[in-house]
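The chain contents come next:
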Amino acid sequence: MQTRVRAVVVTLVLSGAVLSCREDAESPTAPSPEPALAVTATTGLTWMQMSAGAFHTCGVATDSRAYCWGLNPNGELGDGTRESRSRPVAVAGGLRFMQISASDYHTCGVTTDSLAYCWGVGADGRLGHGGIGTRLKPTPVRGGRHYRLVNAGSAHTCAVTAANRAYCWGDNRLGALGDGTTTDRLVPVAVAGGLRFRRVSAGSFYSCGATTGDKAYCWGGNGSEIGDGSSSGVRLVPVAVAGGLSFRQVNAGGGHTCGLTPDHIAYCWGRNLEGAIGDGTTIDRPTPTRVSGGLSFGQIVANGTRTCGVSTSKRTYCWGSNFTGALGDGTTTDHLTPLAVTGGIDFGGVSFGNGYHTCGVTSLKRGYCWGHNAYGQLGNGTNIGPEICQSIPCSTKPEQVVGPS
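Description of the structure in this document. Numbering of residues begins from 1 in every chain and follows the order in which that chain's sequence is written. Given that the model is predicted, a residue must reach a pLDDT of at least 70 before its local features are reported, and side-chain atom pairs must reach 80 or more before they are shown or counted; all residues, however, enter totals for whole chains, interfaces and linings. As a rule here, side-chain values cover all heavy atoms of the structure and leave hydrogens and water aside.

**Considerations on the state of the cysteines**
Going by this rule: Two cysteine sulfurs form what is called a disulfide whenever their separation falls within 2.5 Å. Secondary structure is summarised from DSSP: a helix means a run of H or I of at least four residues, a strand means a run of E of at least two, and numbering begins at the N terminus for each. Buried residues are those whose accessible area, probed at 1.4 Å on protein chains only, stays under 20% of the maximum for their type, while exposed residues exceed 50% and partly exposed ones sit between those limits.
Within the structure shown, the criterion is met by eight disulfides. With its sulfur 2.0 Å from that of its partner, Cys58 forms a disulfide with Cys68. As the torsion about the S-S bond is roughly 105°, the Cys58-Cys68 disulfide counts as right-handed. Of this pair, Cys58 sits in strand β3 (residues 56-61) while Cys68 sits in strand β4 (residues 66-70), placing them ten residues apart in sequence. One disulfide in the model links Cys389 with Cys394; its S-S distance is 2.0 Å. Taking the sign of the torsion about the S-S bond as the criterion, the disulfide between Cys389 and Cys394, at about 70°, is right-handed. Accessibility expressed as a relative area gives 4% for Cys389, which makes it buried.

Quick look at the structure:
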């Protein structure tokens, strides 16, 4: 079964029909020691935050400049070209960013003056500029609102304003925008219900958010990832996640969702393909299920078939599918429960790419990536390795992101 699933993934990679989302990797403020890892080029930039897309990666450097690297046929790198890059290239326009979010084939960011910009594929209105055209450089999201954060999903985008209101735009065929309709939106539309959100997360064809009162809500297409106890249908407006738990953060993936309680306990729910829920089984869970291992987490991120979390001691643990070494443990073996990423590195945050790579920012603000590298998305200056995983260039261990082109 696993061989069949992975063959499908490769087919989807080539067709562009990949689904999922990720959460941004941020560096903490207090640095701590980390071991030296071998690199193939200059250590380059230092990073505030990094976000892995499907086959590209973007980050905000400590000077607030944005850089991207990896696959670029639709301008998702934002450098004004369609040329793929194996090392960071500056996003065009000279904007200063405080946060960035890379998705399958588009990227969005919030500037230091709290305005949202998007670039890449514009289908379904996911760029929010009022049309469906592709953009090779950052283009303002319509509406002029001031945002705290933006999160790019597979074909839609969501953001939270300074007043903690959630807005979404793009593909709405299954209600992922949460406005009570299934009408695609070319510009931001308010999520129904009047809830105030601390953060929102745009997944494949659904979205989730954690309110300022620590309650989790999800909306959109449901195969059990909505978390309300059902495993079918659509939810056109936010519905409460079952179980009565409090959540400080929630992250929507491609088929499952994960969240963290205020006391740092991780729960996941949804489809459990290849062990993505982390409870030691492959049984789907329509309501929150505690992740095994008793770890305390400060961050958790989900995608279609795997999950990673950064513990409160700053170590990264991953579980689920390990295709192309995306779990970072030095192997390509799947794991049903959390397993530490190799190298003993202190991470402030990690971010998933839906095309099977993972990136993180360390306590010393260095960037590392691992997993799939056929398009240079690891940022190590090559797209041919350093390893080969089932005929795909990869790295099963963290590789340091090198300097710009």
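The structure having been displayed, the exposition proceeds.
**Observations regarding the sheet that holds strand β26 (residues 347-353)**
As a reminder of what qualifies: Note on pairing: two strands pair once DSSP finds at least 2 bridges between them. Only the stretch in contact is used when a helix axis is fitted, and all axes are lines through C-alpha atoms; the angle between N-to-C directions ranges over 0 to 180 degrees.
Pairing is antiparallel in the open sheet, where five strands are placed in the order β26-β27-β28-β30-β29. Looking at strand neighbours, the two that pair on one side only are β26 and β29 (387-389), the edges of this open sheet. Within this sheet the neighbouring strands show an average axis-to-axis angle of 30°, counted without direction. As defined by bridge partners, β26 adjoins strand β27 (residues 357-362) across six bridges and the pair is classed as antiparallel. Within β27, the residue paired with Phe347 across the bridge is Thr362.

**Some points on unusual backbone geometry**
Here the bond from Gly385 into Pro386 is cis, since omega is 20°, no more than 30 degrees from zero. Relative to the helices and strands, Pro386 resides in the loop between β28 (367-372) and β29. One non-glycine residue with positive phi stands out, namely Ser64, at about 75°. Checked against the element boundaries, Ser64 lands in the loop between β3 and β4. Phi is positive for Gln390, which is not a glycine, with a value near 50°. Relative to the elements of secondary structure, Gln390 occurs in the loop between β29 and β30 (392-400).

**Here's the deal with the packing of aromatic side chains**
How we decide: Put simply, two rings from Phe, Tyr or Trp (the six-membered ring, in Trp's case) pair if the centres are within 6.5 Å, and we call them stacked under 30 degrees between planes, edge-to-face over 60, tilted for the rest. For a lysine, the NZ atom is tested; for an arginine, the CZ atom; a charge sits over a ring if that atom is within 6 Å of the ring centre and within 35 degrees of the ring normal.
Taken as a whole and assessed by the stated rule, the structure comprises 14 aromatic pairs. Taking the centre distance of 6.0 Å and the plane angle of 85° together, the rings of Trp47 and Tyr67 count as edge-to-face. Of the two residues, Trp47 is situated in strand β2 (residues 47-52) and Tyr67 in strand β4; the sequence distance between them amounts to 20 residues. Tyr67 shares its class with Trp47; the two are buried. The ring of Phe352 is capped by Arg306, whose NZ or CZ atom sits 4.0 Å from the centre of that ring.

**Considering the sheet that holds strand β23 (residues 306-311)**
Read across the open sheet, the four strands follow the order β22-β23-β24-β25; overall the sheet is antiparallel. What marks the edges here is a single partner per strand, and that holds for β22 (297-302) and β25 (335-340). Within the sheet, the average angular offset between the axes of one strand and its neighbour, ignoring direction, is 15°. The sheet contact formed by strand β24 (residues 316-320) and β25 spans three bridges and is antiparallel. Residue pairing in the sheet places Tyr317 in a bridge with Ala340 of β25.

**Digging into a nonpolar patch on the surface**
Put simply, the rule reads: Only residues whose relative accessible area exceeds 30% and that take part in no salt bridge are eligible for patches, with like-charged residues grouped when within 9 Å of each other and nonpolar side chains (Val, Leu, Ile, Met, Phe, Trp, Tyr) grouped when within 5 Å. Exposure was quantified through the Shrake-Rupley algorithm and a 1.4 Å probe, taking into account, for residues, occlusion by the shown protein chains and nothing else. Any carboxyl oxygen of Asp or Glu that lies within 4 Å of a side-chain nitrogen of Lys or Arg is treated as forming a salt bridge with it.
Together, Ile132, Leu186 and Val187 make up a nonpolar patch on the protein surface, roughly 240 Å² of accessible area in all. Since its relative accessible area comes to 32%, Val187 is described here as partly exposed.

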